[in-house]
Amino acid sequence: MSADARRALLLEAGARAFARAGFHGTTTDAIAKEAGVSQPYVVRMFGTKLELFLEVFEAAGERVRAAFAAVLDEGPFDPELDADWERLGAAYADLMGVDDTLQVLMHGFSAGSVEEIGAVGRRCMDRIYATILATGCTDEQARDFVAHGMLLNVMMSLRAGDHLEDGGALRALTVCTFGDALALVSGDAGVPDGGAAGPSLSRGR
């Protein structure tokens, strides 16, 4: 393997490991086992766990920004049309079942008290928010869209979609939050019996 390929392999392994246990709960040894290499090799490639996490974290934020930018590149966006918000929301929903992007973001934001991680998190959020504002929407519309996305992240972190049978108010919140995207996080073919489809995933206003 080329050096670039080996580096990419370690970044992917790091993303899986950090998604499971976060920055503080992951060791370079765990990352090495995930990648099938020795622990000294991980250190030799990245220097420290922090440096590896920063790359993984920033790459996750960039994937979200790029997903939104791709929607805007497809054609005009009218922030007063639900259909256009649905396109933007669908791009976010697609990230749910692809890789560990959203879980890595959650761990990164929660570790923001680490100075270097906080700086990357603020930079990622700045770029994501600027991309949403490029739709021509208001600050309030962009804020609501981001807020819904963060709620989705929290509910995924809680694995709420896997525990719909527990009932209670959380079940209603889960169905309402994910709407048509519920099957992506629950494994169900659709909204469970007794639940309404709920608002579109994308509705940010």
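Residues numbered from 1 in each chain as written. Predicted model: local features only at pLDDT ≥ 70, side-chain atom pairs only at ≥ 80, totals over all residues. Heavy atoms only, no water.

Structural notes on the overall build of the protein
Okay, so step 1: A count of helical and extended segments in the protein gives ten helices and zero strands.
Okay, so step 2: For the protein, the succession of helices and strands along the chain, N to C, is α-α-α-α-α-α-α-α-α-α.
Okay, so step 3: The long-range share in the protein, meaning contacts at least 24 apart out of those at least 6 apart in sequence, stands at 63%.
Okay, so step 4: Surface accessibility of the protein: about 10,000 Å² in total, with carbon and sulfur atoms responsible for 55%. (Helix = DSSP H or I, 4+ residues; strand = E, 2+ residues; numbered from the N terminus. Contact = heavy atoms within 4.5 Å. Areas by Shrake-Rupley, 256 points an atom, 1.4 Å probe, with all protein chains shown as cover.)

Description of the packing of helix α1 (residues 3-21) against helix α2 (residues 28-35)
Okay, so step 1: Viewed as axis vectors pointing N to C, α1 and α2 meet at an angle of 120°, and their least axial separation amounts to 8 Å. Taken together, the axis directions place α1 and α2 in an arrangement best described as oblique. Helix-helix and strand crossings are classified by hand; for α1 and α2 the assignment is right-handed. For the pair formed by α1 and α2, the contact residues are Leu 9, Leu 10, Ala 13, Gly 14, Arg 16, Ala 17, Phe 18 and Arg 20 on the first element and Ile 31, Glu 34 and Ala 35 on the second.
Okay, so step 2: Within the contact of α1 with α2, the residues separate by chemical class into seven nonpolar, one polar and three charged. (Axes fitted to C-alpha atoms, helices over the stretch in contact; angles between N-to-C directions. Parallel < 35°, antiparallel > 145°, perpendicular 65-115°, else oblique. Left-handed = near helix turned anticlockwise from the far one by under 90°. Nonpolar A, V, L, I, M, F, W, Y, C, P; charged D, E, K, R; others polar.)

Observations regarding the packing of helix α4 (residues 49-74) against helix α7 (residues 115-133)
The axes of two packed helices give the description: the angle between them and the distance between them.
Okay, so step 1: Interhelical geometry of α4 versus α7 gives an angle of 5° and a closest axis separation of 9 Å. By the angle class used here, α4 and α7 are roughly parallel. Between α4 and α7, the contacting residues are Leu 50, Phe 53, Leu 54, Phe 57, Glu 58, Gly 61, Val 64, Arg 65, Phe 68, Ala 69 and Leu 72 on the first element and Glu 116, Ile 117, Val 120, Gly 121, Arg 123, Cys 124, Arg 127, Ile 128, Thr 131 and Ile 132 on the second.

Some words on the pattern of salt bridges
Okay, so step 1: Counted according to the given criterion, the structure contains eleven salt bridges.
Okay, so step 2: Among the salt bridges present, the one from Arg 123 reaches Glu 58, with a minimum N-O distance of 2.9 Å. Residue Arg 123 is located in helix α7, and its partner Glu 58 is located in helix α4; the two are separated by 65 residues in the primary sequence.
Okay, so step 3: Classification of Arg 123 by relative accessible area gives partly exposed; the value is 33%.
Okay, so step 4: The partly exposed category is assigned to Glu 58, whose relative accessible area is 22%.
Okay, so step 5: Here Arg 143 makes a salt bridge to Asp 144, at a shortest N to O gap of 3.0 Å. (Salt bridge = Lys/Arg side-chain N within 4 Å of Asp/Glu carboxyl O. Buried < 20%, exposed > 50% of the residue type's maximum accessible area, 1.4 Å probe, protein only.)

Remarks on empty space enclosed by the protein
Okay, so step 1: A complete count under the given rule lists two cavities of 30 Å³ or more for this structure.
Okay, so step 2: By volume, the second largest cavity amounts to about 40 Å³.
Okay, so step 3: Every residue lining the second largest cavity is listed: Glu 58, Gly 61, Glu 62, Arg 65, Cys 124, Arg 127 and Ile 128.
Okay, so step 4: Of all the secondary structure elements, the ones that give two or more residues to the lining of the second largest cavity are α4 and α7.
Okay, so step 5: Of all the elements, α4 adds the most residues to the lining of the second largest cavity, at four residues. (1 Å grid on protein atoms, 1.4 Å probe; cavity = no way out; pocket = protein on both sides within 12 Å on 5 of 7 lines; lining within 4 Å. Points joined across faces, edges and corners; volume = space filled by probe spheres on them.)

As for the confidence of the model for the protein
Okay, so step 1: Mean pLDDT for the protein: 89, with 90% of residues reaching 70 or above.
Okay, so step 2: Ranking the elements of the protein by mean pLDDT puts helix α10 (residues 182-186) last, at 80, and α7 first, at 98.
Okay, so step 3: Predicted confidence for residues 189-205 stays below pLDDT 50, and this span has 47 contacts to residues more than four positions away or in other chains. (pLDDT = per-residue confidence, 0-100.)

Points about the nonpolar core
Okay, so step 1: Formed by 56 residues in total, the largest nonpolar core has its most connected members in Ile 117 and Ile 132.
Okay, so step 2: Ranked by the residues each element gives to this core, the list is headed by α4, at eleven residues.
Okay, so step 3: For Ile 117, the residues in contact, after removing those within four places along its chain, are Phe 23, Leu 50, Phe 53, Leu 54, Phe 57, Gly 108, Ala 111 and Gly 112. (Core = buried A, V, L, I, M, F, W, Y, C linked by side-chain atoms within 4.5 Å.)

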